[in-house]
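Structure at a glance
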Amino acid sequence: MLNDAPHFAPRAERLILLTGFDPFGGDTQNPSWLIAQALRGQRIAGHTVVAAQLPTVFGESLQRLQALLALHQPAITLCLGQAGGRSALSLERIGININDARIADNRGGQPIDTPVVPNGPAAYFSSLPIKAMLRAVVDAGVPCEVSQTAGTFVCNHVLYGLMHLLARGAGPAGARGGFAHVPWLPAQGVPHLALRDMVRGVYTALWTAVLAQQDITLGAGATH
């Protein structure tokens, strides 16, 4: 269960927290972490990117994220995760309060039909301007989409947990957050994207997230 996040005074320096996961499911690398590492220390619209790795482990991932939010007090948090089989950067719209693991996490845990947060809301929407981010990333020449599901594995666990922490006051006033899935690297299989393109896409998405205080109206729904 997530604890109430402690309150800290706002930092003078504005930060973006960008997280990725360690490899899981038999892979030896995870593009989400490689992207975060590539953008560590970048200055984006007056904000500095802080990169951190989360374990692909239920519970432990949220404990780590909560500590990072308390330490860095980021204005924006974007968590990244790998989604083999997807062909574009996927900006997640919603996280749901369910763990239903088809495979075991990196410590052998495999919760089925358990809540991320007991008695928590059924779902949380991302507070990032995902439609504005979508348009900017596509205009930059990187495949991108809005995703209506973050799955029910550790990625959704982290998205829901992040939004729950922010809703309960983690981070400075007005802190926003969300999640994006990224495709495989070329060496991992197909479909895939080159690492340089994913880094460029995430950089563009973060730049837009900082500058767009309100989202735009843009069709990006799904029929199924």
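Residues numbered from 1 in each chain as written. Predicted model: local features only at pLDDT ≥ 70, side-chain atom pairs only at ≥ 80, totals over all residues. Heavy atoms only, no water.

A negative phi angle is the norm for most residues apart from glycine, just as the trans form is the norm for most peptide bonds. Here Val190 and Pro191 are connected by a cis peptide whose omega angle stands at -5 degrees. As for its position among the elements, Pro191 is in the loop between β11 (176-182) and α5 (195-211). If you check the backbone angles, Ala45 has positive phi at about 50 degrees while not being a glycine. Considering the arrangement of structural elements, one finds Ala45 in the loop between β2 (43-44) and β3 (47-54). The residue Asn119 is not glycine, and still its phi comes out positive at about 65 degrees. (Helix = DSSP H or I, 4+ residues; strand = E, 2+ residues; numbered from the N terminus.)

Leu18, Ile35, Leu39, Leu78, Leu89, Val202 and Leu206 are the most contacted members of the largest nonpolar core, which totals 34 residues. The greatest single-element share of this core, amounting to seven residues, is contributed by α5. Apart from residues no more than four positions distant in its own chain, Ile35 is found in contact with Leu18, Leu80, Val182, Leu195, Met198, Val199 and Val202. Core analysis: the second largest hydrophobic core is formed by 31 residues, Ala52, Cys155, Leu165 and Ala175 among them. (Core = buried A, V, L, I, M, F, W, Y, C linked by side-chain atoms within 4.5 Å. Buried < 20%, exposed > 50% of the residue type's maximum accessible area, 1.4 Å probe, protein only. Contact = heavy atoms within 4.5 Å.)

On to the state of the cysteines. One pass over the full model with this rule turns up zero disulfides. Free of any disulfide, Cys155 has its nearest neighbouring cysteine sulfur in Cys79, separated by 9.3 Å. (Disulfide = S-S within 2.5 Å.)

Turning our attention to the packing of aromatic side chains. Under the defined criterion, the tally for this structure stands at five aromatic pairs. Taking 5.8 Å as the distance between ring centres and 40 degrees as the angle between the ring planes, the aromatic pair formed by Phe24 and Phe153 counts as tilted. Of the two residues, Phe24 is situated in the loop between β1 (15-21) and α1 (31-39) and Phe153 in the loop between β10 (144-147) and α4 (154-167); the sequence distance between them amounts to 129 residues. Both residues of the pair, Phe24 and Phe153, count as buried. Measuring from ring centre to ring centre gives 5.6 Å for Phe58 and Phe153, while their planes differ by 85 degrees; the resulting arrangement is edge-to-face. Placement of Phe58 in the loop between β3 and α2 (60-72) and of Phe153 in the loop between β10 and α4 is noted, with a sequence separation of 95 residues between them. With respect to burial, Phe58 and Phe153 carry one shared label: buried. Among the aromatic residues, those joined into a cluster by ring pairs are Phe24, Phe58 and Phe153. (Phe/Tyr/Trp six-rings, centres within 6.5 Å; stacked < 30°, edge-to-face > 60°.)

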